[in-house]
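Inside the fold
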Amino acid sequence: MTGRGRGSDQGEDAVIGVSERSLFAMPLPVPLPPPSPLVPDPGKAPLQADVSAPGPVAETGRILRVRRQIGRTSLPRLRHHVATAASLELDRGIAFLLVPVCLAIGAIGYFSLAAEPGFAKPIAVVALAGLCALVSRSWAKTHLCFMAALLCALGLLAAKVETWRAGTQMLGSEISTQVTGRVVSIDRMESGRIRLTIDVASTARPKLRYAPKRVRLSARKIPADITAGSLITGYAKLLPPTGPVRPDSYDFSFDSYFAGIGGSGFFLGNPKLVITDNDHMPLPARLSSGIEKAREAIADHIRGVVGGAEGEIAAALIVGVRAGIPDDINEAMRRTGIYHVISISGLHMALVAGTIMGLLRGAFALFPDFSARRPVKKYAAAAALLSIAAYLVISGVVVAAERSFIMLAVMLIAVLFDRAALTMRNLAISAIAVIVVSPHEVVGPSFQMSFAATAALVGAYAGWSDHRAGKTRPPPPKRSLPGFLTRKFLLAAGGLSMTSIIAGGATALFAIWHFQRVSPLSLFANLAIMPIVSLVIMPFAVLSALAMPFGVDGPFLYVMGKGLTAMIAMSGWISERSPVDGVGLISQQSVLLVAIALVIATMATTWLRLAAIPVALAGLLTVSDTRTPDVLISEDARLVALPIGGGELAVSRARPNEFTVDNWKRALTSETIIVPEVFDRGDGQFEIADVIELPPGSPFYCTSGVCLAKHPSGAIIAYVEDRKDTWKACGFAELIVVNDATAYDACHNPLVLVVTKRQLARKGSAAIFFDRQSATTPATISFAVDSPYRPWHAQRKFSREARGLPPFKKPEKPVVSPQPPQ
């Protein structure tokens, strides 16, 4: 009786051992044995004729052999090898794997356009590409090219359709008004404030003619009986969505547009409950509010049982509510590279599905007669599929969770139909689904890092499986129990290390591009913390969720909380010893080249994958091929910053915006903030003309309504609050920033760059570059928002600042003097 081996197709689990590449493997020709030197070849001269010839003849033989080797690597032969390998790649199904790549290229192309196209042009391109693909079916290579063009055009059209479908009404200018609306979700912040997402029903005092349909407002506290679906009212200050904090950074108005959020702000008082009756709500809204109520109830229960920061993280892992996690813990987990534990993704989905399948398979094993007659593995797979679907809904639908759900669903459905789970195809299917439904996610960090890490892991695992399949292995020797456990521990640690290295390497440049930070100790942090997450935190989270309806989840949440306590302590300890993680800006072309190399390395199965090496090297060599801005200006003109050397960043305000400054510090590789020093007018300590004598790299000094600083290059920067003080800096400043929407260029000097609040309101934050080679060349400026506006920026032109109007001031009430008595 033989046991189940690698090549056995017996038993229920045989399909799991099938390698994707082995399904398409082609037999290699068996080489013939070389002829024996003792037996003469009939086609050759007698043996004694092969005796060493004189020197010139031997030299000629060497030359012939070199020429023969060169001939083997000639260009026609190379073309033949490439064509053969490409044909084999097509036979192995690479064309399907490239479908999401082409769709993503089209979506990225749409969002990179300088102006918004109409529907006619994308539809025409799709029709033309489709017609060309149909006509060229007889020419295989041409047909493939036109099919790729068609898929790119379809990606562009899908992005255009999503933009049209979103159609979010965005608030153009800040205003205070009475807001009445229905609560969509409630998030309790770590600061104690409560953030509410509200579908606006009406506005009053004043009534907005172009009111946003959904806003996000914060409040100090709310009535206890307010839940998702409640109708509330309150006087609030509404603010338009903000743009990028600097050019080429994350665009918050873009995210708000596709999230349907037309404005944000805060209640000037506590909101009041109007009605809690949900009977008049449409069915989708009732379902959404019901799910949100369930999430709130579960999160409150978890916080009450676990408590503290552990309770907030437990709520984030089970229901996806992350707003209450303390900032210091968030920062420690980011610095150590384990923040992916908090974001519900493939790890969590796989652990949930694995735990459910393991529990059910173990339960079925208790009934051997039933298990022998029934496909219990399919039953377990079906239950796991339902469990991850419920987990996706209850945790909030995010991109990483969507991708993981689709991929695991395809694998589990394959188990139900006794099919092999082709992992790269699963990844391609999930990518196609996400791109078709939400094309805008392609340009976001979540999509890019999630799919990059997963593709790298799947490709590495497939390559390792191919390597092992090609070797014959002797049966493992018998080991003692300590030796067996030691071997298993080392294998698990090695696998975890390689997983962290592969995923971290695949996502490193994307993380630097989006966040300007890396985690130097992420490998050690993942080695220390992931066993706790995989063996304690997530399994007991699943058990607590199963036991929660019966009220016996307390012990499971207790164990989960202890695991989270250990995770927090270890991440904090490693974070304290982690070096500075800010690495500055990198070039866009380096990220693009590395992405191309990643696609080639993970999708190719022949020697063509070697082409990824020069592309990746080119990407790494061009990482620093970008110029760091000399000065950064916020879009509201309230903050100016410049690096002054020694890791210091000089700012123009004593209390700058913390989020903006943190982003600028990472982009400019600065560690310390230097606030301005203010001098009274006429005290003799500092006058405006004294700025010429300041050494290069001096921070801001403020006097007489003007703040002055000197860049390390020697350029002088002036910051002015009132346009009437602009002229004071015209004589010596290379850059003047005026925080006044009514200002104009008062210098009339081509060598002096004047940036006004109106320009920044229309074009967003700005980056300034000085010409360090020539003092007679004016500074150049780059804005974050280009015109003509795309739909997510169209609201910018309606603000008071963009129209050159001063801030709105309420008219003062006339003072009525009392009348003397008659």
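Everything in this summary refers to the structure shown in the same document. Only a predicted model underlies this, so the values are computations on that prediction, with no experimental measurement involved.

Cut-off values and rules
Residues numbered from 1 in each chain as written. Predicted model: local features only at pLDDT ≥ 70, side-chain atom pairs only at ≥ 80, totals over all residues. Heavy atoms only, no water. Buried < 20%, exposed > 50% of the residue type's maximum accessible area, 1.4 Å probe, protein only. Helix = DSSP H or I, 4+ residues; strand = E, 2+ residues; numbered from the N terminus. Pairing = 2+ DSSP bridges. Patch = residues over 30% accessible without salt bridge, like charges linked within 9 Å, V, L, I, M, F, W, Y side chains within 5 Å. Areas by Shrake-Rupley, 256 points an atom, 1.4 Å probe, with all protein chains shown as cover. Salt bridge = Lys/Arg side-chain N within 4 Å of Asp/Glu carboxyl O. Lys, Arg positive; Asp, Glu negative; His and termini not counted. Charge placed at Lys NZ, Arg CZ, Asp CG, Glu CD. Expected span 1.5 Å × (residues − 1). Contact = heavy atoms within 4.5 Å. Disulfide = S-S within 2.5 Å. Axes fitted to C-alpha atoms, helices over the stretch in contact; angles between N-to-C directions. Parallel < 35°, antiparallel > 145°, perpendicular 65-115°, else oblique. Left-handed = near helix turned anticlockwise from the far one by under 90°. Nonpolar A, V, L, I, M, F, W, Y, C, P; charged D, E, K, R; others polar.

**Details of the pairing of strand E16 (residues 753-756)**
In E16, alternate side chains face the same way, and those of Leu753 and Val755 on one face and Val754 and Thr756 on the other are all buried. Alignment of strand E15 (residues 735-738) against E16, held across four bridges, turns out to be parallel. Bridged to leucine 735 within E16 is leucine 753.

**Quick word on a negative patch on the surface**
Taken together, the side chains of Glu190, Asp327, Asp328, Glu658 and Asp662 present a region of like negative charge at the surface. Where the negative patch is concerned, the elements lending two or more residues are helix H10 (327-336) and helix H22 (658-667). Topologically, glutamate 658 is positioned in helix H22.

**Here's the deal with a nonpolar patch on the surface**
Together, Leu75, Leu78, Val82, Trp607, Leu610, Ile613, Leu617 and Leu620 make up a nonpolar patch on the protein surface, roughly 760 Å² of accessible area in all. Only helix H2 (75-91) and helix H21 (612-621) provide two or more residues apiece to the nonpolar patch. For leucine 617, a relative accessible area of 47% gives the class partly exposed.

**Regarding unusual backbone geometry**
Going from arginine 205 to proline 206, the amide bond is cis rather than trans, its omega being 0°. Within the element layout of this structure, proline 206 appears in the loop between strand E2 (194-204) and strand E3 (214-219). The backbone phi angle of arginine 205 is positive, close to 55°, even though this residue is not glycine. With respect to the helices and strands, the residue arginine 205 is situated in the loop between E2 and E3. What makes arginine 205 exposed here is its relative accessible area of 58%. Phi is positive for alanine 637, which is not a glycine, with a value near 65°. For alanine 637, a relative accessible area of 0% puts it in the buried group.

**Some details on the sheet that holds E16**
Reading across from one edge, E11-E12-E13-E14-E15-E16 is the order of the six strands in this open sheet, with mixed pairing throughout. The open sheet has two edge strands, strand E11 (677-678) and E16, and neither has a second partner.

**Observations regarding helix H8 (residues 283-306)**
Side chains of residues three or four places apart in an α-helix project in the same direction, reflecting 3.6 residues per turn. Between its first and last C-alpha atoms H8 spans 34 Å; for 24 residues at 1.5 Å apiece the expected length is 34 Å, and the two agree. Considered for burial, the residues of H8 that qualify are Ser289, Glu292, Arg295, Glu296, Ala299, Ile302 and Arg303. Summarising the contacts, the buried residues of H8 are in contact with strand E1 (175-188), helix H9 (308-319) and helix H13 (376-394).

**Here we look at the state of the cysteines**
Per the stated rule, a full pass over the model turns up two disulfides. Along the chain, the cysteines that take part in disulfide bonds pair up as 1-2, 3-4, counted in sequence order. Of all cysteine sulfurs in the structure, the one in cysteine 102 sits closest to cysteine 152, which takes part in no disulfide; the separation is 4.5 Å. On the basis of relative accessibility, which here comes to 21%, the residue cysteine 152 falls in the partly exposed class.

**Things to note about the packing of helix H4 (residues 99-111) against helix H15 (residues 423-437)**
Direction vectors running N to C along H4 and H15 enclose 25°, while the axes themselves pass 9 Å from each other. When the axes of H4 and H15 are compared, the pair comes out roughly parallel. Here the hand of the crossing between H4 and H15 comes out left-handed. Contacts from Val99, Pro100, Leu103 and Ala104 in H4 reach Ala428, Ala431, Ile432 and Ile435 in H15. Here the contact of H4 with H15 is built from residues that sort into eight nonpolar, no polar and no charged.

**A closer look at the sheet that holds strand E18 (residues 780-783)**
Pairing is mixed across the open sheet formed by six strands, whose spatial order is E10-E9-E8-E7-E17-E18. Strands at the two margins of the open sheet, each flanked by one partner only, are strand E10 (672-674) and E18. Geometrically, the sheet is characterised by an average inter-axis angle of 25° between neighbouring strands, direction not taken into account. Across two bridges, the pairing between strand E7 (residues 631-633) and strand E8 (residues 640-645) is antiparallel. The partner of leucine 632 across the bridge, within E8, is alanine 641.

**Brief notes about the pairing of strand E5 (residues 263-267)**
Successive side chains on a regular strand alternate, one facing one side of the sheet and the next facing the other. One ladder, built from four bridges, connects E3 with E5; its direction is parallel. Residue pairing across strands places serine 218 opposite phenylalanine 266, the latter belonging to E5. One ladder, built from four bridges, connects strand E4 (residues 231-239) with E5; its direction is antiparallel. Within E5, the position partnered with lysine 237 by the bridge is phenylalanine 266.

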